[in-house]
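Structural features, examined
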There are 2 protein chains.
Amino acid sequence: MSGAPRSLAADGHSPMTEDDIGAAPAGSVARGSGVTLWRQIAEKLEAEILAGALAPGVRLPVEADLAERFGVNRHTLRRALSHLSEAGLIEATAGRGTFVKEPPLRYPIGPRTRFSEIVAAGGREPSGRFRGSTVEAADADVARELQLAIGTPVLRIETTHEADGVPISCGSAWFPAARCRDLDLVYEATGSLTRALATLGIEDFRRRETRITARPANPREMDILSLAPGRAVMVLERLDVEANGTPLQWGRSSFAADRVQLVFKP
Amino acid sequence: MSGAPRSLAADGHSPMTEDDIGAAPAGSVARGSGVTLWRQIAEKLEAEILAGALAPGVRLPVEADLAERFGVNRHTLRRALSHLSEAGLIEATAGRGTFVKEPPLRYPIGPRTRFSEIVAAGGREPSGRFRGSTVEAADADVARELQLAIGTPVLRIETTHEADGVPISCGSAWFPAARCRDLDLVYEATGSLTRALATLGIEDFRRRETRITARPANPREMDILSLAPGRAVMVLERLDVEANGTPLQWGRSSFAADRVQLVFKP
DNA sequence: GGTTATTTGTTCGTATGTATT
DNA sequence: AAATACATACGAACAAATAAC
């Protein structure tokens, strides 16, 4: 259990007698350089993360070891980690450890973006998960967007999306029930909306508009997306139309803001 | 969760035998309540600030006194202050003291779709306000986006944008200094980036990419955009290129997420 | 499935540095 | 120049969450 009290010179402090460390291997912090120790450590770790030496998902050494490596007190080391955590580069959990976070997934928004292609393009394993479906009466929002009369039956499908098992987004999409009968069943079976629509003979549709806002996550989103309180979600509303311009689906999804980067190219 | 620890005290510790406080006047923190001491203190102080009991500009008692008032160690008190400082509610200066900052104003914004076109147009609307400019060495981000060597001189222009007097966004844009000499002066004079660029003979440029993330607002954004703590900002990164493909400007702007709806049409 | 070990999180104590008044 | 007040750093102990046995 971490013996080696390291004696440390008594004399209260002894700011820099580089002798007692002996190693000071990769982590050598310059005491009295004008830059605080915790900032030097934070910058060093950040550089390693950005350079890829500390790959996403990698678990950092435990705090005690890191502190020893840098030759500082655990408090000082923790302050550096706290800084990186606020910057979104790492994530610490009591009892588990500290991990380098995945960089935000680039999520291109275009006329024909499909989730599976986006994620696959990022080299990750996509999975859409079916959470449930209902047939309900179109409310004012849905009716306006889908150009239906209020009260028209619409099929609502609730989904979540993951990349490599990490939840990315959750939300609902509404379809005209008459046009999309049993779409939910096929979707649940295949896990792919694109394929489910194809079975209905709908292969050509495109994004007509995308609207984005953001706000702190609500409890439901915190649960589904595994978000800490106070984190932000981007709320993306989208309208897809068929080739002839008929509204096909209108949806509203919440994205974990620190795991996704929405990308628009004209 | 929170399975009633309720043992508290635990003795074996006893640095402060509750007798010496005697008073525990306004500040009484509940030890062993499941909520950390620093958070209780932070919330208490925040409530006093938001309620107006601690008016803007008021100087807080010195840390030692505050720590005594709450019956905690100065470290614990400082952690609470640090939290408030990050949230932008207070500001501490060594040797001077800790002061309550001016409170963020709340702007009730009604229909928000008004601003969408402004934003979708790419931040070139005429209501931009010049906040300052500097010539600095390109850091890694700027250099990569503008395809310059790290350290190349770049012109940085800081702006805010308002609509009907309500702050909407703030951010910086970077230009190759060699290409855009005195751009800032012209911009400050005209208030229009498009016109300023035209005086440099740059009339044809286009948006190449727009990236969007979101996160809780930081103190600076809370200040400029008059945001309450915890509100979200959308961070929009954009790259403009000249007709021949040469990067012209790269910028990063923060939008008050609840006042703006970004609309993208393919 | 309960117990133990590991690891992060919180708190108090103390000393010293540095900027401001 | 000295006192004041925030800033940084080291040390020790315990609490709480998680993982491993």
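Naming follows an unreviewed UniProt entry, where chain A appears as GntR family phosphonate transport system transcriptional regulator of Xanthobacter flavus.

1. Regarding the side chain of Ser 254 of chain A
Residue and element names in this part refer to chain A. Tracing the backbone through its elements, the reader meets Ser 254 in strand S9 (residues 247-256). Assessed through its relative accessible area of 7%, Ser 254 is described here as buried. One polar contact links Ser 254 to Glu 221, side chain to side chain, over a distance of 2.7 Å. Residues within four places of Ser 254 in sequence aside, it is in contact with Ile 168, Ser 169, Cys 170, Arg 215, Glu 221, Leu 225, Val 233, Met 234 and Val 235.

2. A short note on the packing of aromatic side chains
All names here are of chain B. Under the counting rule described, the total for this entry stands at four aromatic pairs over all chains. Consider the rings of Trp 174 and Trp 250, whose centres lie 5.6 Å apart with planes at 25°: the pair is stacked. Note that Trp 174 is positioned in strand S5 (residues 166-176) and Trp 250 in strand S8 (residues 247-256), a separation of 76 residues in sequence. A relative accessible area of 7% means that Trp 174 is categorised as buried.

3. Focus: the nonpolar core
The nonpolar side chains of a soluble globular protein tend to be buried with one another. Of all hydrophobic cores here, the largest spans 27 residues; its most connected members are Ile 212, Met 234 and Leu 262 of chain A together with Ile 212, Met 234 and Leu 262 of chain B. Of all the elements in the fold, those that place two or more residues in this core are strand S3 (105-109), strand S7 (205-216), strand S8 (232-242) and strand S10 (260-264) of chain A together with strand S6 (205-216), strand S7 (232-242) and strand S9 (262-264) of chain B. If near-sequence neighbours (up to four positions away) are discounted, Met 234 of chain A is found in contact with Thr 213, Ala 214, Ser 253, Ser 254, Phe 255, Ala 257, Val 260 and Leu 262 of chain A together with Ile 212, Thr 213 and Ala 214 of chain B.

4. Re the protein's contact with DNA strand C
As a matter of local geometry, DNA strand C sits amid 25 residues, with Arg 31, Leu 37, His 75, Thr 76 and Arg 79 of chain B nearest to it. Backbone atoms, meaning sugar and phosphate, make up 70% of the atoms of DNA strand C lying within 4 Å of the protein. Interatomic distance of 3.0 Å between a backbone N/O atom of Glu 63 of chain A and a phosphate oxygen of DNA strand C. Take His 75 of chain A: an N or O atom from its side chain is 3.1 Å from a base oxygen of DNA strand C. Among the secondary structure elements, those contributing two or more residues to the surface near DNA strand C are helix H3 (74-86), strand S1 (90-93) and strand S2 (97-100) of chain A together with helix H1 (37-51) and helix H3 (74-86) of chain B.

5. Observations regarding the environment of Arg 231 of chain B
If you trace the backbone, Arg 231 of chain B turns up in the loop between helix H8 (219-225) and S7. Among residues more than four places away in sequence, those in contact with Arg 231 of chain B are Pro 216 of chain A together with Arg 215, Pro 216, Ala 217 and Asp 258 of chain B.

About the cut-offs
- Residues numbered from 1 in each chain as written.
- Chains lettered and ligands numbered in written order.
- Predicted model: local features only at pLDDT ≥ 70, side-chain atom pairs only at ≥ 80, totals over all residues.
- Heavy atoms only, no water.
- Helix = DSSP H or I, 4+ residues; strand = E, 2+ residues; numbered from the N terminus.
- Buried < 20%, exposed > 50% of the residue type's maximum accessible area, 1.4 Å probe, protein only.
- Polar contact = N/O pair within 3.5 Å; in protein donor to acceptor, adjacent residues only side chain to side chain.
- Contact = heavy atoms within 4.5 Å.
- Phe/Tyr/Trp six-rings, centres within 6.5 Å; stacked < 30°, edge-to-face > 60°.
- Core = buried A, V, L, I, M, F, W, Y, C linked by side-chain atoms within 4.5 Å.
- Near = heavy atom within 4 Å.

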